[in-house]
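# Analysis of the macromolecular model
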Amino acid sequence: MDIPAFNEDVVREAILNAVCHRDYRLGGSVFIHQFPHTLRTTSPGGLPNGITTQNILKRQSPRNRRLAEACSKCGLVERPGQGMDRIFGIVLREGKVLPKFDGTDAYQVVLTVRADKIDKRFLRLLDLAEKHGIRLNVEHLVVLDVVRQGEPLPAEMKLLVWHLIDIGLLERQGRGKASKLILSRGMYRALGEAGTHTRVEGLDRETNKALLLKHAIKSGQAGATLEEFRQVIPSLTNDQIRHMVYELKVEGRLTNVGQARGTRWIVVQVDK
């Protein structure tokens, strides 16, 4: 697929947004700066009341409603208030990084669109979803983008996660605050990367086992209980903790003394 450096629709929407939603009570002009890998628009006035860079896809508050409606009637925009959704959607469907609002403050809005960093794997993922009849709106795309980059998920996006889990695109590892989202095993398999899912899943497991072993080492000859291990990784269930502890025993790194609730786990000393 031939992907242009700057999508024509993205450029149009970025300019129209800057013109339609600027604060005309302020002096100054709308500036458009294009570099080989960056397109940046700067417009006078901060974001409209109630709009932030976090909720800009959900809320609409046009500063100049008549101007926005005129642009719509002239065929310059599809629907008033949908410009940013369109920009984000196009950029993500081209496998590029999300637009940034760095430099935006109470006196200006700065929108920066990058031309590079096309993620072909992300494009394949979206293509597979489409072939399976999965329809994704722009907010779902943003969630997938955050997950693919391993970044923390903003609070306002968390409700969208359940839908992506239900339709088989994502799965959650662990529980509570320590849990994280990864692509589902089915999607990794469809991408021809089933081994990658096992590796990603395994990295977390080995990290958790290392934490348990570290606690056992600190406990010395007094040993550690399963309850203490659970306190080390509270995001995991008792069964998950128990299974990892027994794995460490099978691997010859832990041994146990006592029975039932009185069982304590001690690090196996390796002779040098």
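Residues numbered from 1 in each chain as written. Predicted model: local features only at pLDDT ≥ 70, side-chain atom pairs only at ≥ 80, totals over all residues. Heavy atoms only, no water.

Turning our attention to the nonpolar core. The biggest cluster of nonpolar side chains holds 44 residues, and the ones touching the most others in it are Phe 88, Leu 136, Val 143 and Leu 169. Among the elements of the structure, α1 (8-20), α3 (83-93), β3 (108-114), α4 (120-131), α5 (138-148), α6 (158-166), β5 (180-183) and α7 (185-190) are those that each provide at least two residues to this core. Of the residues forming this core, the biggest block, seven residues, is contributed by α5. Among all residues touching Leu 136, those that are not within four sequence positions of it are Arg 93, Leu 126, Ala 129, Leu 141, Leu 144, Leu 164, Ile 167 and Leu 169. (Core = buried A, V, L, I, M, F, W, Y, C linked by side-chain atoms within 4.5 Å. Buried < 20%, exposed > 50% of the residue type's maximum accessible area, 1.4 Å probe, protein only. Helix = DSSP H or I, 4+ residues; strand = E, 2+ residues; numbered from the N terminus. Contact = heavy atoms within 4.5 Å.)

The next subject is the sheet that holds β3. Across the sheet, which stays open at both edges, the three strands sit in the order β1-β2-β3 with antiparallel pairing between neighbours. Edge positions in the sheet fall to β1 (31-35) and β3, since each of these pairs with one other strand and no more. The sheet shows a mean angle of 10° between the axes of neighbouring strands, direction not considered. Two elements, β1 and strand β2 (residues 38-44), share five bridges in a ladder whose sense is antiparallel. Bridged to Ile 32 within β2 is Thr 41. (Pairing = 2+ DSSP bridges. Axes fitted to C-alpha atoms, helices over the stretch in contact; angles between N-to-C directions.)

Once that is clear, we can look at α5. Of all 11 residues in α5, nine are buried, a share of seventy percent or more. Along α5, the residues that are buried comprise Val 138, His 140, Leu 141, Val 142, Val 143, Leu 144, Asp 145, Val 146 and Val 147. Packing partners of the buried residues in α5 comprise α3, α4, α6, β4 (170-173) and β5. N-cap assignment for α5: the residue whose side-chain oxygen lies 3.0 Å from the backbone N of Glu 139 is Asn 137. Directly beyond the C-terminal end of α5, a positive phi value near 70° is found at Gly 150. (Polar contact = N/O pair within 3.5 Å; in protein donor to acceptor, adjacent residues only side chain to side chain.)

What follows deals with the layout of surface pockets. Of the voids in this model, the largest pocket is the one considered here, and its volume is about 570 Å³. As for the largest pocket, its lining consists of 24 residues, and the residues nearest its centre are Thr 53, Phe 88, Leu 98, Val 142 and Met 157. Here the lining of the largest pocket gets four residues from one element, more than from any other, and that element is α5. When grouped by side-chain class, the residues that make up the lining of the largest pocket number 13 nonpolar, four polar and seven charged. (1 Å grid on protein atoms, 1.4 Å probe; cavity = no way out; pocket = protein on both sides within 12 Å on 5 of 7 lines; lining within 4 Å. Points joined across faces, edges and corners; volume = space filled by probe spheres on them. Nonpolar A, V, L, I, M, F, W, Y, C, P; charged D, E, K, R; others polar.)

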